[in-house]
Number of protein chains: 2
Amino acid sequence: MSEKLIGAAIFGQSGGPTAVINASAYGVIRAALDAEEITRVYGAANGIKGVLEDKLYVMDEEDPEELKLLLHTPSSALGSCRYKIADPEKDDTDYKRILEIFKKYNVRYFFYNGGNDSMDTCNKISRYMESIGYECRVMGVPKTIDNDLYGTDHCPGFGSAAKYIATSCMEINKDARVYDNGMITIVEIMGRHAGWLAGSAALATAFGSGPDLVYLPETDFDMDKFLADVDEVYKKNGKVLIAVSEGIHYADGSFVSEAKTSATDGFGHAQLGGLAAMLADIVKKHTGAKVRGIELNLLQRCGAHLASQTDIQESFMAGKVAVENAVNGINGRMIGFERVLKDGKYACRTKLIPLMEVANVEKKIPREWINEAGNGVNHQFIEYALPLIQGEPDLPKVDSLPRFCHLKKILAE
Amino acid sequence: MSEKLIGAAIFGQSGGPTAVINASAYGVIRAALDAEEITRVYGAANGIKGVLEDKLYVMDEEDPEELKLLLHTPSSALGSCRYKIADPEKDDTDYKRILEIFKKYNVRYFFYNGGNDSMDTCNKISRYMESIGYECRVMGVPKTIDNDLYGTDHCPGFGSAAKYIATSCMEINKDARVYDNGMITIVEIMGRHAGWLAGSAALATAFGSGPDLVYLPETDFDMDKFLADVDEVYKKNGKVLIAVSEGIHYADGSFVSEAKTSATDGFGHAQLGGLAAMLADIVKKHTGAKVRGIELNLLQRCGAHLASQTDIQESFMAGKVAVENAVNGINGRMIGFERVLKDGKYACRTKLIPLMEVANVEKKIPREWINEAGNGVNHQFIEYALPLIQGEPDLPKVDSLPRFCHLKKILAE
């Protein structure tokens, strides 16, 4: 245990929203407010941009009961950004400004909540502060529905997104089989480079009402094989439900979604339709069947009403543990999850991963969890994902509608 | 009270799925199984088509506990159809076949669950049976997320759809305001001729996180005025959330969605994108802002996980009361809802509406519930809709995923 480091803390949120990113925020903010080493807790408006622009909200001024509602409020309550910070060796302008702000508010703790890019930001800030000898502890709190962060069993945000996708596919499947004529339904799911989200649609199938076919970015997509797969199921059942990851690509690496223009007689309009609509068009021409393309919308990442309680608790824990470790002297680490069996049941404990190792690396579904034909996942994926979607949160509601957190957002001066 | 009519009952489901159509099915089936006048309960496969094709499932053979799960299983469990039956005066082929089946199984009760078209079917069958002197009681059970049936305060299915739409808009609104750059989001909502569903998005606004602008089919759409509305909000807030009904139309009656081809430089492809995508394209060109079009998918009609408990209970009641009235001698009526105040609180009681009056009439939002500018609804709409979305169902789940009803579907011989 190192000596006590006394000073203020900044917390920031970065990257795309999730249903539980604010649960991590609450973990950090609550623990930081409670830590005697931390003199003041600032929330950065729109992530690192808020630091650069000196827009910091004073979390000490917020109502504790209101802060607790962060556990069930989707999307980044403090605002987010997609700001890519330069390499400090190449251009240290941003870092000098960050240091200036850190000094202005005597900031000694920096907690950053995000995905790959955010861990890269974290890592660079940590290295810079070390290089110039400013004592400061920088910790990463993971967040991504994509579940593609390296070194952790899974990522906060994934379980809730997976639960939304699985539940939605179960319901869509019911809807898609209601008439006695043929019907093919294609559901497009987020995930540009890794198929964890699209794979989660298979949970619906495992529970009796889900897709017949699932296509992931982990394998190469072949249009002819895809159409043959669809034909086979359609001939057998007269109904087909297909889940596709937005990131499916051909063997040459090009995204299927980008081939749109040529696939629709040369007049496809990139703005007008996504992958599901394009595949629906192709399948319709091929089979003559009634085909419907559905793009699961933003709710797959921000549908707090279908959040996994396990995910909420773990996301909160990730934030809390980041603060606890920082005040205990840890620096330059991301909180990761380790899956352990406790009395034969799933349990999750945290671990520390050097930021250096996490930044800019992507974790994909192991090939052996995907079936040989590349059109589905096997029991190993189901066993992996199922514990992560467990538990129903007790959502605060007013008149049966969600009661989200309202922060006062008082700016630091 | 008329004399007892002893015989079998057929129940059928028609039209598009809802989250609670099976709650009405359970109301009918349970009450029919319990009624001593009813000797056997048949569920028609795919509505009236199942009657015509002699495909009837024996409900008496189903496990009562499994049947109870119908309360929380979305989409038509018996299958649906969109079969338009002829006028009996013009072509009585179908009616002769229906009579044949009724006689074969000694059917004396016919319950049909659906929207406008289904009440028309009901009405025609009722009239035909009367005209040829076959004693039979025909009752309509309303169902439509569109909420456009005449003579009833509201329709089973609407409350759950409204709750899904309001909750989703609250969450989408959180997601759409996360970055500090400008963002315009357009959400397309079902409802071809009436705006009850799109109007429900305003519940989200009433609860602090919803659309700034709402466009309904009840008023004429004007593209220039729409763009001016968007400009105004965008200039003020930098963020705009817009809810549009799929049925918005110009003053000449043409659907905005159908003008797509000309609005997108002549190469729009009807298959590839809906109204939201098309409006997003126009707004993007007009404002230069980042614009996102979202089409709320099938879940708005089949999202049982966000069903209103009030809607479930009322849907069940509609089915049950239809059977109770039929065995008591009522014929040719649809069950309607009447809103009453009980100790100052919303309550709902059933009433009987002649099928003749309901068939093929559409109920729209009163103009005085829509604001003068035609881009939002007022407090009267909110007060109307809010009681209908109340209550959280206790969804049966296995491993945190819905446990839907599995019927044996044993065919009658």
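Described in the following lines is the structure provided in the data block.

Quick look at the overall build of chain A now. Secondary structure summary: chain A contains 14 helices and 13 strands in total. Computed over C-alpha atoms, the radius of gyration of chain A comes to 23 Å, within 12% of the 22 Å expected from 2.2 N^0.38 for 413 residues, which places it in the range of a compact globule. Seen through its principal axes, chain A has C-alpha atoms that stretch 70 × 50 × 40 Å. Relative to its 413 residues, chain A shows a buried fraction of 64%.

Turning next to the packing of aromatic side chains. Taken as a whole and judged by the stated rule, the model has 36 aromatic pairs over all chains. With a centroid separation of 5.6 Å and 35° between ring planes, the pair formed by Tyr26(A) and Phe316(A) is classed as tilted. In this pair, Tyr26(A) is assigned in helix α1 (residues 21-34) and Phe316(A) in helix α12 (residues 309-327), connecting sequence segments 290 residues apart. An angle of 75° between the planes, with centres 6.4 Å apart, marks the rings of Phe158(A) and Trp196(A) as edge-to-face. Of this pair, Phe158(A) sits in helix α6 (residues 158-175) while Trp196(A) sits in helix α7 (residues 196-206); the two residues are 38 residues apart in sequence, bridging distant segments of the chain. Residue Phe158(A) shares its accessibility class with Trp196(A), and that shared class is buried. Grouped by ring-pair contacts, the aromatic residues Phe158(A), Trp196(A), Trp369(A), Phe381(A) and Tyr384(A) constitute a single cluster. The positively charged end of Arg108(B) is found above the aromatic ring belonging to Tyr134(B), 4.2 Å away from the centroid. Against the face of Phe255(B) rests Arg192(B), its NZ or CZ located 4.0 Å from the ring centre.

Turning our eyes to something else, we now look at the interface of chain B and chain A. Listed as interface residues are 67 residues of chain B and, on the opposing side, 67 residues of chain A. With both chains or domains summed, chain B and chain A bury close to 5700 Å², and 60% of this area falls on carbon and sulfur atoms. For Arg301(A), the salt bridge identified is with Asp175(B), shortest N-O distance 2.6 Å. Our count for the chain B to chain A interface comes out at 30 residue pairs in polar contact (both at pLDDT 80 or more). When contributions to the side of chain B that touches chain A are tallied by element, the ones reaching two or more residues are α6 (158-175), α10 (275-287), β9 (291-295), α11 (299-302), β12 (397-398) and β13 (401-402) of chain B. At 10 residues, the largest contribution of residues to the side of chain B that touches chain A is made by α6(B).

Its rotation angle being 180°, the transformation that places chain B on chain A also includes 0.0 Å of axial translation and leaves an RMSD of 0.0 Å. What the rotation and shift describe, once combined, is the action of a two-fold rotation axis. Interface overlap between copies is the fraction of interface residues in one copy that are interface residues in the other; for chain B against chain A it reaches 100%, indicating a shared surface.

Here we take up the side chain of Asn325(A). All names here are of chain A. By the element assignment, Asn325 lies in helix α12. Of the residues examined, Asn325 reaches a relative accessible area of 18% and is grouped as buried. With near-sequence residues (within four places) excluded, Asn325 lies in contact with Met139, Ile330, Ile335 and Leu352.

So, about the packing of helix α4 (residues 93-104) of chain A against helix α5 (residues 116-132) of chain A. Describing two packed helices takes the angle between their axes plus the distance from one axis to the other. Residue and element names in this part refer to chain A. Between α4 and α5, whose axes approach to 11 Å, the crossing angle comes to 75°. Between α4 and α5, the interaxial angle falls into the category roughly perpendicular. Residues Tyr95, Lys96, Ile98, Leu99 and Phe102 of α4 touch α5, and the partners they reach there are Lys124, Ile125, Tyr128, Met129 and Ile132.

With that settled, consider the sheet that holds strand β11 (residues 345-354) of chain B. Residues and elements named next belong to chain B. One open sheet holds the seven strands; their spatial order is β3-β2-β1-β4-β5-β10-β11, and the pairing between them is mixed. The open sheet terminates on both sides in strands that have one partner only, identified here as β3 (56-58) and β11. Neighbour-to-neighbour, the strand axes of the sheet open up by a mean angle of 30°, direction not taken into account. One ladder, built from 10 bridges, connects strand β10 (residues 333-342) with β11; its direction is antiparallel. Each bridged residue has a counterpart across the sheet, and for Gly336 the counterpart in β11 is Lys351. Along the sheet face, helix α12 (residues 309-327) touches β2 (38-44), β4 (107-114), β5 (137-142), β10 and β11 and points at about 170° away from the line of β5.

Reading the values: rules and limits
- Every residue gets a number counted from 1 within its own chain, in the order that chain's sequence is written.
- Labels follow written order: the first chain is A, the first ligand is 1, and so on.
- pLDDT decides what is reported in this predicted model: residues at 70 or higher carry local features, side-chain atom pairs at 80 or more are listed and counted, and totals for whole chains, interfaces and linings draw on all residues regardless.
- With hydrogens and water set aside, each side-chain value is computed from the structure's full complement of heavy atoms.
- A run of H or I in DSSP counts as a helix once it spans at least four residues, and a run of E counts as a strand once it spans at least two, with each numbered from the N terminus.
- This radius of gyration counts C-alpha atoms alone. The globule rule is 2.2 Å times how many residues there are, raised to the power 0.38.
- Buried, partly exposed and exposed residues are distinguished by accessible area as a fraction of the type maximum, computed with a 1.4 Å probe on protein chains only: under 20%, between the cut-offs, and over 50%, respectively.
- For Phe, Tyr and Trp, rings pair up if their centres lie within 6.5 Å, where Trp contributes its six-membered ring, and each pair is then called stacked (planes under 30 degrees apart), edge-to-face (over 60) or tilted (otherwise).
- To sit over a ring, a charge needs its Lys NZ or Arg CZ within 6 Å of the ring centre and within 35 degrees of the ring normal.
- Contact between two residues is taken to exist if any of their heavy atoms lie within 4.5 Å; hydrogens are not considered.
- The quantity reported as buried area is the accessible area (1.4 Å probe) lost by two parts once they are put together, taken as the sum for both.
- Any Lys or Arg side-chain nitrogen located within 4 Å of an Asp or Glu carboxyl oxygen qualifies as a salt bridge.
- N or O atoms within 3.5 Å of each other form a polar contact, as long as, within protein, one can give a hydrogen and the other can take it, and as long as residues adjacent in sequence are counted only when both atoms are side-chain atoms.
- All copies are superposed by least squares; the fitting set is the C-alpha atoms of residues with a pLDDT of at least 70 in both.
- Axis geometry follows a simple rule: fit a line to the C-alpha atoms, using only the stretch in contact for helices, then measure angles between N-to-C directions, giving values from 0 to 180 degrees.
- Working rule for angles: under 35 degrees goes down as roughly parallel, over 145 as roughly antiparallel, 65 to 115 as roughly perpendicular, anything else as oblique.
- Following DSSP output, two strands are said to pair if at least two bridges run between them.

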